[in-house]
Amino acid sequence: MNKKEIALEIKVAYLEFMAVINAMTEDEYTFQFQEKWSAAHQLEHIVLCVQPLVQVYGMNPTAIEQMFGRTNRPNRSYEELKDLYIQKLEAGGKAPESFLPKVQGTKDQLLYTLNQLIEEFQQEIIALDEFELETLQIPHPLLELISLKEMAYNAIYHVQHHQNLMLQYLKHK
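Computed from a predicted model, the values in this text were never measured in an experiment.

Rules used throughout
- Residues numbered from 1 in each chain as written.
- Predicted model: local features only at pLDDT ≥ 70, side-chain atom pairs only at ≥ 80, totals over all residues.
- Heavy atoms only, no water.
- Helix = DSSP H or I, 4+ residues; strand = E, 2+ residues; numbered from the N terminus.
- Expected span 1.5 Å × (residues − 1).
- Buried < 20%, exposed > 50% of the residue type's maximum accessible area, 1.4 Å probe, protein only.
- Arc of directions from axis to C-beta.
- Contact = heavy atoms within 4.5 Å.
- Phe/Tyr/Trp six-rings, centres within 6.5 Å; stacked < 30°, edge-to-face > 60°.
- Pairing = 2+ DSSP bridges.

Quick word on helix α6 (residues 107-127)
What sets the pattern is the α-helix's 3.6 residues per turn: residues three or four places apart point alike. Between its first and last C-alpha, α6 extends 30 Å over 21 residues, near the 30 Å set by a 1.5 Å rise per residue. Regarding α6, the residues found buried are K107, L110, L111, L114, L117, I118, F121, Q122 and I125. The arc that holds every buried residue of α6, seen down its axis, measures 140 degrees, which confines them to one face. Facing away from the buried side of α6, by more than 90 degrees, are the exposed residues D108, Y112, Q123 and A127. Its buried side turned inward, α6 meets α1 (3-22), α2 (26-30), α3 (39-57) and α8 (148-170).

Quick word on the packing of aromatic side chains
Throughout the structure, instances matching the rule amount to 4 aromatic pairs. With 4.9 Å between their ring centres and 90 degrees between their planes, Y57 and F121 make a pair best called edge-to-face. Here the residue Y57 occupies a position in helix α3, and F121 occupies one in helix α6, the gap between them amounting to 64 residues. The same class applies to Y57 as to F121, namely buried.

Some points on the pairing of strand β1 (residues 137-140)
Summarising the sheet, β1 and strand β2 (residues 144-147) pair through 4 bridges and their orientation is antiparallel. Counterpart to Q137 in the pairing with β2 is S147. Between β1 and β2, which follow one another and run antiparallel, lie 3 residues.

A short note on the environment of I64
In this structure, I64 sits in helix α4 (residues 61-68). According to the relative accessible area criterion, I64 is buried, its value standing at 0%. Once you skip the residues sitting within four places of it in the chain, I64 turns out to touch V56, M59, G69, L136, Q137, I138 and L148.

Okay, structure coming up:
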């Protein structure tokens with residue numbers, strides 16, 4: 001995918017996630033199946049994960065390179081990155097403390113914030129040169145150093161993963 005396609009996929013995936021949450025009743029939004037995260041937890045987690053992406057993608061490319069370097073391998077495809085992420089989760093990978101939700105803010109506030117973040121994230125991706133997108137690398141908590149392009153792929157799958165978990169848990173309500 002090129003940067004415009006990635007930005008569009010991000011928009012579609014996050015708008016779908018937000019639409020699912022927006023359509024939930026308050027009971028559905030706060031429902032917790034066993035010890036799993038509620039939709040409220042899932043939403044806040046997604047906001048917490050997108051915030052640093054907007055910051056990093058908005059940085060000067062030279063600063064990103066100085067901090068994290070450039071990749072020394074070809075980029076993985078969306079499917080390869082998704083499969084690697086699933087493997088890491090199945091091996092026990094968990095979100096670091098800084099990305100754990102505390103359920104702060106209302107559903108409307110969090111949805112508004114996420115919508116704003118996604119718009120900024122898309123703009124930052126489109127503003128990057130394709131070469132920078134494919135060669136600059138940043139750290140991911142489970143996947144280690146990956147390219148900006150791979151991180152964007154992960155952002156697409158990540159929100160879909162949490163949407164699927166939400167819907168799966170709601171079946172038990």
